[in-house]
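What the coordinates show
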Amino acid sequence: MRKIMRAAEFQSIVVLTGAGISAESGVPTFRGPDGLWEGHRVEDVATPQAFRRDPVLVQAFYDARRAALARVAPNAAHAALARLDAQWPGDLLVVTQNVDDLHERAGARRMVHMHGELKSALCLACGERQTAPDTLSDGPACIRCEARRLRPDIVWFGEMPYHMDRIETALAACDLFVSIGTSGAVYPAAGFVQGARHAGARTLEINLDRSEGTHFFDEARHGRAGELVPLWVDALLKR
């Protein structure tokens, strides 16, 4: 693989993060080795059909995930990306597939959640997004229209990811694309590296092991994100 060029040659960076970066903080990955997510089939808790079929189960599942956030904290990889956000003088967009708030708690600001956020609720009556209360299971009212039709503001299978226009614009303009802790299996995120390469960007994968998309990257560094991401950020900021 081609080695990433000197940091001084980069001006615009897009970083994609996935479940691997939060797994080191104790956040369960989306699909475990048994194909389940926290003991549930993904089809039973992560589709619009599941919500229509059994809203009590789905609301309880995400209430539990929301409560679990209090038991985890950002790790060294989150902290390093927050430092990059604060100190990088050029353009930067951190795109996360994760629905936790660990990037924000570490201090990142130039970022988007393409799959939604556990701490956000969406009103099915008026479309208002609002901070989710601790529990949605008891049917709280929307702060805008007062309808009791709030759902988790999560992008489920069959729904369009958020912020795609902004992401595609950033990918087309970046000269460095970095993927951290992603499987390379879930689209559209799995296709970001090819879009960035087509636009002329250099590409770097940082992942625990080879992903399904490793062969698309100019360079791959395999190991713990908590160790490799701070090293990469240190080198980039010392350009």
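Refer to the structure printed above.
We now turn to the structure provided with this report. This structure is a prediction, so every number in the text was calculated from the model and none was measured. (Residues numbered from 1 in each chain as written. Predicted model: local features only at pLDDT ≥ 70, side-chain atom pairs only at ≥ 80, totals over all residues. Heavy atoms only, no water.)

Topic: the overall build of the protein
Secondary structure assignment for the protein yields nine helices and 11 strands. For the protein, whose C-alpha radius of gyration is 18 Å, the value lies close to the compact-globule estimate of 18 Å for 239 residues. Here the protein, with 239 residues, has 50% of them falling under the buried criterion. Long-range pairs, those at least 24 residues apart, make up 65% of the contacts in the protein with a sequence separation of at least 6. Within the structure as shown, the protein displays about 11,400 Å² of accessible surface, and the carbon and sulfur contribution to it stands at 52%. Across the protein, the 28 positively charged side chains and the 30 negatively charged ones have centroids separated by 2 Å. (Helix = DSSP H or I, 4+ residues; strand = E, 2+ residues; numbered from the N terminus. Rg over C-alpha atoms; globule rule 2.2 N^0.38 Å. Buried < 20%, exposed > 50% of the residue type's maximum accessible area, 1.4 Å probe, protein only. Contact = heavy atoms within 4.5 Å. Areas by Shrake-Rupley, 256 points an atom, 1.4 Å probe, with all protein chains shown as cover. Lys, Arg positive; Asp, Glu negative; His and termini not counted. Charge placed at Lys NZ, Arg CZ, Asp CG, Glu CD.)

Focus: the nonpolar core
Of all hydrophobic cores here, the largest spans 24 residues; its most connected members are Val15, Ile180, Val229 and Trp232. Where this core is concerned, the elements lending two or more residues are strand S1 (12-17), helix H5 (76-87), strand S4 (91-96), strand S9 (176-180), strand S10 (202-207) and helix H9 (225-237). Broken down by element, the residue count for this core peaks at six residues, all from H9. Setting aside residues up to four positions removed in sequence, Val15 forms contacts with Leu81, Leu92, Leu93, Val94, Val95, Val178, Ile180 and Trp232. (Core = buried A, V, L, I, M, F, W, Y, C linked by side-chain atoms within 4.5 Å.)

What to know about the sheet that holds strand S7 (residues 129-131)
Sheet architecture is open: three strands sit in the order S7-S6-S8, paired in antiparallel fashion. Either end of the sheet is taken by a strand with one partner, and the two such strands are S7 and strand S8 (150-154). Taken pair by pair, the neighbouring strands of this sheet meet at an average axis angle of 45°, ignoring direction. Here three bridges tie strand S6 (residues 116-123) to S7, and the two strands are oriented antiparallel to one another. (Pairing = 2+ DSSP bridges. Axes fitted to C-alpha atoms, helices over the stretch in contact; angles between N-to-C directions.)

Focus: the packing of aromatic side chains
Taken as a whole and judged by the stated rule, the model has four aromatic pairs. Note on Phe177 and Phe217: the rings are 6.3 Å apart at their centroids and 20° apart in plane angle, and the pair reads as stacked. A residue pair is termed long-range when its members are at least 10 positions apart, and Phe177 in strand S9 and Phe217 in the loop between S10 and strand S11 (219-222) qualify at 40 residues. Comparing Phe177 with Phe217 shows no difference in burial state: the two are buried. What links up through ring pairs into an aromatic cluster is the set Phe51, Phe61, Tyr62 and Trp156. Sitting over the ring of Phe61, Arg65 keeps its end group 4.7 Å from the ring centre. (Phe/Tyr/Trp six-rings, centres within 6.5 Å; stacked < 30°, edge-to-face > 60°. Lys NZ or Arg CZ within 6 Å of the ring centre and 35° of its normal.)

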